[in-house]
Amino acid sequence: MPTLANLDLFAQATLAIVFEALPFLLLGSVASGLVEAFVPREKVERYLPKGRLPATLFGLALGAATPCCECGVVFLTRRLLAKGVPPGAGLAFMLAAPVVNPVSIAATLVAFRGDPTMAVWRCVVVALAAGIVGYWAGGRRGETLIKPLLGLEPTCACGHDHGHDHPHGPAHAHPGNGAAPKPLFGSLAEALPVAVLHPSLAKRTETALRHAMADFLDMAKVLVFGAMVAAAFKAFVPTPVILALEEHLWLAIPGLMVLAVILSLCSQADAFVAASFTSFPEPARLAFLAMGPMLDLKLFLMWRQVFTPRLVRVLLVVPAAVVFAACAVLGFLWPGGGA
Amino acid sequence: MNVRAGVAVLWRRLDGLAMTALAGFLGWLVLAGNYWMYLNPRFKPVTGAAAVVLAVLGLYAVWRPVTRPSLGRGLCYLALTVMICLSEGGTQALSRVMDSEPFAACPVPFDQPAATSVPSRLTVGGTDYVPINTGELYDIAANGHGPAFDRPYAMRGFASRDPALDAKGEFVLYRLAVWCCFADATAVGFRVKVPAGAPLPAAGTWLVAYGRLVDAPPGEDKEYALPKMAFSSIAPLALFAAEHLETAAFSPEEAAMFAWHEKEPYAF
């Protein structure tokens, strides 16, 4: 029963992608919660570089020092931006971190049998795209890049469930009720900046926990549905459709870029898949490697949850254009077109 | 508390319950389940830690719900539940009901034979063969001629046939290499030349091939794409000249390769 076998493959691949990404999603959400609860905005604004180029370079450097997967960085970036991290730094970090970190570089080296060519070019192309997006964002305010709360959820930093039926007594009154600043950003459990309230360590920890959970719940459903689409492609699309792309460089580059977007592989593992595309030209394999960590189905759905439509458009267009242009140029320069 | 109120209480705690249930499933996978069906077992500690964190968050959310349940998340939990049911034997059960013959391509989730330890040499016909997996041998072949290239090896995998190879008395022996998760699995293998006069194995047979690496004939050192496999790496520059082929008992867990060693003892 090939149909049932495909269905089994689909279910198995979906779960594999979800289970693979889940720890990173949790890590990202816990980091996001900790940033929200323990990092005062004033310190962020005081210590981080503010110029467009320095901020972008700082974001790239932070990405190089942070081994993380693309699933976990999206809402961490949102939280950092909300905390006053320069947008250029935040977005350059978000796009570059999954690729330019030591773990990902090592995985690429191993997959390509120690040949550094692909690892080096991958870092260069991704850093270029991340740098351009970061520089563009550096000219804007963080508030204009993140979706506002839209008043969907009543929020406070009391640590209690809102929408519940316990009364807020005098001991639980919100400080400056009515006068406290409204939160500009956030998800379902977005709260007032903790620093405003000077809560205890226990309260901060609880706030971190609740923010972590809210972020996790925000993104987990996106991860599951993204994984289902990617797994459906693997399970149901006939092989000849993919192999038909390998003949021509000009088909192969965009073809593998699209494949990277659809497959939504982890940036630590996609090099092994790219290495198996032995019949594809090298620039097309590079396009696959550079595109996937910056743009895939999961990321697109997450961005839509978090960022403004304008930024989502930039995140869709700029990395794709940079990767295509860079790989096309390399196609001319690579001996034999990289075939 | 009436039923309606009970349902309302449960609904408000859906997120926490779902997180706790998922943590329980992940914990079961790590400790006793078919972890290998989804992820490379070397990531068990990572998944185990995630299960603990998820359980803590989930139990907290049961105690004090963080957000209101939403339809989107409800559908997400439903989809995950369906996927788990299908993957953990559901599709095979369906197959059994529909055609009385469950397909064998997917792993059998229960009653797996225990993996047996592999001796350092497998002896057939007086020759000692080094047990090795197709991924490890692929690396040796790619490095070209050297002491490792010329040794006798035993490797196991699935047989794949196509008419062009049949005409040359060859087939492909491959296994799935799982680097991180099942979704990034690629088939890694060799074209195998069967011993003179020996029949070609049936497609899909799980077998052990004993033999040596030889250079691919001139004009045949090209990439070979495994039929029905989008991602495959079949060694282009070398063939495996089999001296002996034997079918073997198939343990689903061994269908995939999770480890690669550069020197003995190889992972087989």
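Residues numbered from 1 in each chain as written. Chains lettered and ligands numbered in written order. Predicted model: local features only at pLDDT ≥ 70, side-chain atom pairs only at ≥ 80, totals over all residues.

1. Quick notes on the overall build of chain B
When helices and strands are tallied, chain B shows 6 helices and 9 strands. The C-alpha extent of chain B, read off along each of the three principal axes, is 80 × 40 × 35 Å. Relative to its 268 residues, chain B shows a buried fraction of 41%. Sequence separation of 24 or more characterises 69% of the internal contacts of chain B that already satisfy a separation of 6 or more. (Helix = DSSP H or I, 4+ residues; strand = E, 2+ residues; numbered from the N terminus. Buried ≥ 20, exposed ≤ 12 C-beta atoms within 10 Å, placed from the backbone. Contact = placed C-beta atoms within 7 Å.)

2. Observations concerning unusual backbone geometry
Between glutamate 264 of chain B and proline 265 of chain B the backbone carries a cis peptide bond, its omega angle lying at 0 degrees. Along the polypeptide, proline 265 of chain B turns up in the segment after β9 (256–257). Positive phi outside glycine occurs at serine 264 of chain A, with the angle close to 55 degrees. Here the phi dihedral of phenylalanine 268 of chain B falls at roughly 55 degrees; this positive angle occurs in a residue that is not glycine. Along the polypeptide, phenylalanine 268 of chain B turns up in the segment after β9. Residue class for phenylalanine 268 of chain B comes out buried when judged on the 21 C-beta atoms lying within 10 Å of it.

3. Some thoughts on the interface of chain B and chain A
Often, the extent of an interface is quoted as the loss of accessible area upon association of its parts. Each side of the interface is counted separately: chain B has 52 residues, and chain A has 50 residues. Of all elements in the fold, only α2 (14–31), α3 (44–63), α4 (71–99) and β7 (232–234) of chain B reach the threshold of two or more residues within the side of chain B that touches chain A. In the side of chain B that touches chain A, the residues fall into 35 nonpolar, 9 polar and 8 charged. (Nonpolar A, V, L, I, M, F, W, Y, C, P; charged D, E, K, R; others polar.)

4. Side note on helix α3 (residues 52–64) of chain A
Residues and elements named next belong to chain A. Under the 1.5 Å per step criterion, the end-to-end length of α3 is 19 Å for 13 residues, consistent within 8% with the ideal 18 Å. By the burial criterion, the buried members of α3 are Ala55, Thr56, Phe58, Gly59, Leu60, Leu62 and Gly63. Here the buried face of α3 lies against α5 (87–100) and α7 (116–138). (Expected span 1.5 Å × (residues − 1).)

5. Examining the domain arrangement of chain B
Residues and elements named next belong to chain B. According to the domain assignment, chain B contains domain 1 (3–98) and domain 2 (122–257). A separation of 39 Å is found between the C-alpha centroids of domain 1 and domain 2. Facing the 5 residues of domain 1 at the interface are 7 residues of domain 2. Partitioned by chemical class, the residues of the side of domain 1 that touches domain 2 number 4 nonpolar, 1 polar and no charged. (Domains from an automatic or database assignment.)

6. Here we look at the environment of phenylalanine 233 of chain A
Residue and element names in this part refer to chain A. As for its position among the elements, phenylalanine 233 is in helix α9 (residues 201–236). Looking at phenylalanine 233, the number of C-beta atoms within 10 Å reads 19, which means it is partly exposed. Once the C-alpha coordinates of phenylalanine 233 and isoleucine 262 are considered, the two residues, 29 residues apart in sequence, prove to be 7.3 Å apart.

7. Some thoughts on the pairing of strand β2 (residues 127–131) of chain B
Bridge analysis of strand β1 (residues 122–124) of chain B against β2 of chain B gives 3 bridges, and the strand direction is antiparallel. Directly across from leucine 122 of chain B, in β2 of chain B, lies its bridge partner tyrosine 129 of chain B. (Pairing = 2+ DSSP bridges.)

8. Let's talk about the environment of glutamate 88 of chain B
For glutamate 88 of chain B, the position within the fold is in helix α4. The class of glutamate 88 of chain B is buried, set by 20 C-beta atoms lying within 10 Å.

9. Some thoughts on the pairing of strand β3 (residues 153–160) of chain B
Residue and element names in this part refer to chain B. Counting buried residues in β3 gives 8 out of 8 residues, a clear majority hidden from the surface. Here β2 pairs with β3 via 2 bridges, running parallel. Looking across to β3, one finds that proline 131 is bridged to alanine 154. As defined by bridge partners, β3 adjoins strand β6 (residues 206–215) across 6 bridges and the pair is classed as antiparallel. Note that in β6 the partner of arginine 156 across the bridge is valine 208. Note that β3 and strand β4 (residues 170–177) share 3 bridges and pair antiparallel.

10. With respect to the nonpolar core
Membership of the largest hydrophobic core comes to 192 residues, with the highest contact counts inside it found for Ala96, Val126, Ala287, Phe288, Met291 and Val323 of chain A together with Cys181 of chain B. Here this core takes 20 residues from helix α1 (residues 2–38) of chain A, the largest share from any one element. When residues of this core are assigned to domains, at least three map to each of domain 1 (3–98) and domain 2 (122–257) of chain B. The residues contacting valine 126 of chain A, other than those within four sequence positions of it, are Leu95, Ala96, Val99, Val100, Ala290, Pro293 and Met294 of chain A. (Core = buried A, V, L, I, M, F, W, Y, C linked by C-beta atoms within 7 Å.)

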